[in-house]
Amino acid sequence: MGFFQFTEEQEMLRKAVREFVEAEIAPHAAEWDEKHYCPVELFPKMGEMGITGIFVPEEYGGAGLGHVERAICLEEISRYSAGLGIALMTHHLGIAPILYFGTDEQKQKYLPDLAAGKKICGLSVTEPGGGSDFMGLKATGEFKDGQWVINGRKCFITNASVADVDIWAVVTGQDEKGRALMTVFIIDKDTPGHAPGREENKIGLNGSSTGDVICNDVVLGEEAVLGEVNKGAKIALSAIQEIGRAGMAAISVGILRGCLEEGVKFSNERILYGKPLNRLQAIQFIIAENRVAYEAAKLLTYHAASLKDAGKPCANEFSMAKLFATEAAIEAAKKTIDLMGGYGCINEYPVGRFLRDAIATIPAGGTSHIQKIIIAGNAIRGN
Ligand SMILES: Cc1cc2nc3c(=O)[nH]c(=O)nc-3n(C[C@H](O)[C@H](O)[C@H](O)COP(=O)(O)OP(=O)(O)OC[C@H]3O[C@@H](n4cnc5c(N)ncnc54)[C@H](O)[C@@H]3O)c2cc1C
């Protein structure tokens, strides 16, 4: 693994995003969580800063930057609101298939408004039959009289009730061995038959909306097909692997920094036995463990992002970053709650929310079990 360093421009971006986050996000994060509110009004503001279209080329209205810069934005936002972090990360998750597999017409039609944060994007893959069983999708696309008819129900979809543009993966055929062939479609939210369904009441990440999306005889023209018919599995998988897991890792790096900073702040201010709490070695051990976890998660995440920006294979690296960072964030939040004694259990402090948010990061982008299967498979094959 190479040694990773941020450029001066990346440090400047971090500073600008941090100032924005401290002014516009930090003061409201607890309220969004409590009210289960996704602050969609911030998307145009994030658009002005280049955040919503961070890796979209300038010709389509984006900032023309890369995936390291994307991770910087997600880390900074998730330091205070991992809920808004996952809403933004999923917006990018929907943009990526259009950018990497769309026709020029599709890019011209969708990317400028999405990059500007005037519209919000989502990616609908998971179904009630099981998210881990990626090839077991039941939603269908049927080609009839020159048009596609889409039917199915997706669940656990981030931005379900706020997305203007929805990327759908459905089954459109079978190969000679009877395995499902998938096609990916771009669906505008107002298309008749397409609608959000039930909204989930989640344990955490409540600055985002998560729920069902339903397609009931949704009729689409051929211009809605993303990439090639029956070759959509690659499109959906690459988005999940290199944008979804990347995003969940960066969000967890933000949570880890939150735990570290809140633990240090509390232990500096809390007086016990007439001295700051941080004089106790047991407390220092927690701070040290949280610091190491944060630095390790950061290295794994930004290293994988730098591979993506260099056009190198990075799916396995993102799986490792996602597995490590999400699990470490749960541990760090629990330890920080312990460090704070009774105060750790009081919702005036954000650490309880960090723990709930961290737990909710595990399934999003594929569970820890699935990451381990991928990482072990690669190791066994010598990758
Ligand atoms: C906050 C949040 C946001 C999400 N956002 C989106 C989104 O925007 N779009 C989207 O499409 N999906 C989204 N998801 C869904 C997510 O991708 C799925 O929850 C995830 O893939 C797991 O699927 P499942 O929940 O059906 O669990 P299941 O697949 O039913 O898994 C149940 C259990 O079995 C284990 N398991 C499954 N297969 C194996 C195996 N082969 N070996 C060992 N263990 C296994 C799992 O690890 C888990 O412990 C989101 C989920 C959450 C929680």
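Keep in mind that this is a model prediction, so the values were computed, not measured. All residue numbers refer to positions counted from 1 along the written sequence of the respective chain. This being a predicted model, a pLDDT of at least 70 is required before a residue's local features are given, and a value of 80 or more before pairs of side-chain atoms are given or counted; all residues contribute to the totals for chains, interfaces and linings. Values reported for side chains reflect all heavy atoms of the structure, with hydrogen atoms and water molecules removed beforehand.

Novice: What am I meant to see in the overall build of the chain here?
Specialist: Strands here mean DSSP runs of E at least two residues long; helices mean DSSP runs of H or I at least four residues long; both are numbered from the N terminus. The helix and strand inventory of the chain stands at 11 helices and 10 strands. Taking 21 Å as the expected radius of gyration for a compact globule of 383 residues, we find that the chain reaches 21 Å, a close match to that expectation. Dimensions of the chain along its principal axes, counting C-alpha atoms only, are 80 × 45 × 40 Å. Whether two residues are in contact is decided by their heavy atoms: any pair within 4.5 Å suffices. Partitioning the intrachain contacts of the chain with sequence separation of at least 6 by distance along the chain shows that 74% fall at a separation of at least 24. Of the accessible surface of the chain, which amounts to about 16900 Å², a share of 54% is contributed by carbon and sulfur atoms. Between the averaged position of the 39 positive side-chain charges in the chain and that of its 49 negative side-chain charges there is a distance of 6 Å. Using C-alpha atoms as the atom set, the radius of gyration is obtained and then compared with a globule rule of 2.2 Å times the number of residues to the power 0.38. For every accessible area listed, the method is Shrake-Rupley and the probe measures 1.4 Å; residues are considered covered only by the protein chains on display. We score Asp and Glu as negative and Lys and Arg as positive, and we do not count His or the chain ends. To locate a charge, take NZ of a lysine, CZ of an arginine, CG of an aspartate or CD of a glutamate.

Novice: Quick question: what am I supposed to make of the domain arrangement of the chain here?
Specialist: By a frequent convention, interface size equals the accessible area lost on bringing the separate parts together. Domain extents, as shown, originate in an automatic or database domain assignment. Assigned domains of the chain: these are domain 1 (8–120), domain 2 (122–231) and domain 3 (234–380). Taken over C-alpha atoms, the centre of domain 1 sits 23 Å from the centre of domain 2. With 27 residues of domain 1 in contact, the opposing surface of domain 2 contributes 23 residues. Interface area, domain 1 with domain 2, both sides summed: about 1900 Å², of which 64% is carbon and sulfur. Its largest share of buried area at the contact with domain 2, domain 1 owes to His36, Tyr110 and Ile120, together 28% of the area lost on that side. The partner of Lys109 in a salt bridge is Asp188, with the nearest N and O atoms 3.7 Å apart. Within 3.5 Å is the distance limit for a polar contact, defined as a pair of N or O atoms, with the added protein rule that one can donate a hydrogen and the other accept it, and that residues adjacent in sequence qualify only through two side-chain atoms. At the boundary of domain 1 with domain 2, the tally comes to 9 residue pairs in polar contact (both at pLDDT 80 or more). At 12 residues, the largest contribution of residues to the side of domain 1 that touches domain 2 is made by helix H5 (residues 82–101). Only Asp, Glu, Lys and Arg are considered charged, only Ala, Val, Leu, Ile, Met, Phe, Trp, Tyr, Cys and Pro nonpolar, and every remaining residue, Gly among them, polar. For the side of domain 1 that touches domain 2, the class distribution of residues is 16 nonpolar, 7 polar and 4 charged. Defined here as a combined quantity, buried area equals the accessible surface (1.4 Å probe) lost by two parts on assembly, summed across both. Every case where a carboxyl oxygen of Asp or Glu lies within 4 Å of a side-chain nitrogen of Lys or Arg is listed as a salt bridge.

Novice: Got a minute to help me understand the nonpolar core in this structure?
Specialist: The nonpolar side chains of soluble globular proteins are, as a tendency, buried together. The term nonpolar core refers to a set of buried residues drawn from Ala, Val, Leu, Ile, Met, Phe, Trp, Tyr and Cys, joined through side-chain atoms within 4.5 Å. With a 1.4 Å probe rolled over the protein chains alone, any residue whose accessible area is under 20% of its type maximum counts as buried; one over 50% counts as exposed, and the rest are partly exposed. In this structure, Leu84, Ile98 and Ile167 are the most contacted members of the largest nonpolar core, which totals 87 residues. No other element matches the 15 residues that helix H7 (residues 232–269) contributes to this core. Counting 15 residues, the second largest nonpolar core, distinct from the first, contains Ile157, Ala160, Ile187 and Val213.

Novice: Please clarify how the environment of Arg279 should be interpreted in this entry.
Specialist: Its place among the elements puts Arg279 in the loop between strand S10 (275–276) and helix H8 (281–309). Using a relative accessible area of 53% as the deciding quantity, one classes Arg279 as exposed. Measuring from C-alpha to C-alpha, the distance between Arg279 and Ile240 comes to 44 Å, with 39 residues separating the pair along the chain.

Novice: Explanation requested: the pattern of salt bridges in the structure shown.
Specialist: Between side chains of opposite charge, a pair can form as their charged atoms come close. The full count for this structure, using the stated rule, is 23 salt bridges. Arg153 is the partner of Asp212 in a salt bridge, and the nearest nitrogen-oxygen pair spans 2.5 Å. Of this pair, Asp212 sits in strand S7 (residues 210–220) while Arg153 sits in strand S3 (residues 147–158), placing them 59 residues apart in sequence. Using a relative accessible area of 41% as the deciding quantity, one classes Arg153 as partly exposed.

Novice: Any chance you could explain the site of the ligand here in plain terms?
Specialist: Thr126, Gly131, Ser132, Thr367 and His369 are the nearest of the 20 residues found near the ligand. A distance of 2.9 Å separates an oxygen atom of the ligand from a polar backbone atom of Val125. At a separation of 2.5 Å, an oxygen atom of the ligand approaches a polar side-chain atom of Ser132. A total of 980 Å² of accessible area belongs to the ligand in isolation, and the protein chains cover 66% of it. Elements with a minimum of two residues in the shell around the ligand: H5, S3 and helix H11 (368–380). Each residue belonging to the shell around the ligand can be placed in one class, and the counts come to 11 nonpolar, 9 polar and no charged. When residues are assigned to domains, the shell around the ligand turns out to be shared by domain 2 (122–231) and domain 3 (234–380), each giving three or more. In this text, near means that some heavy atom of the residue lies within 4 Å of the molecule or strand in question.

Novice: Help me understand the pairing of strand S5 (residues 180–188) in this model?
Specialist: Put simply, side chains in a regular strand alternate between the two faces of the sheet. Within S5, 7 of the 9 residues are buried, leaving the element largely enclosed by the surrounding structure. Pairing between two strands requires that DSSP report at least two bridges joining them. Two elements, strand S4 (residues 165–174) and S5, share 9 bridges in a ladder whose sense is antiparallel. Looking at the pairing, Val165 lines up with Asp188 of S5. With 2 bridges joining them, S5 and strand S8 (residues 225–226) adopt antiparallel strand pairing. Along S8, the bridge assignment pairs Phe185 with Val225.

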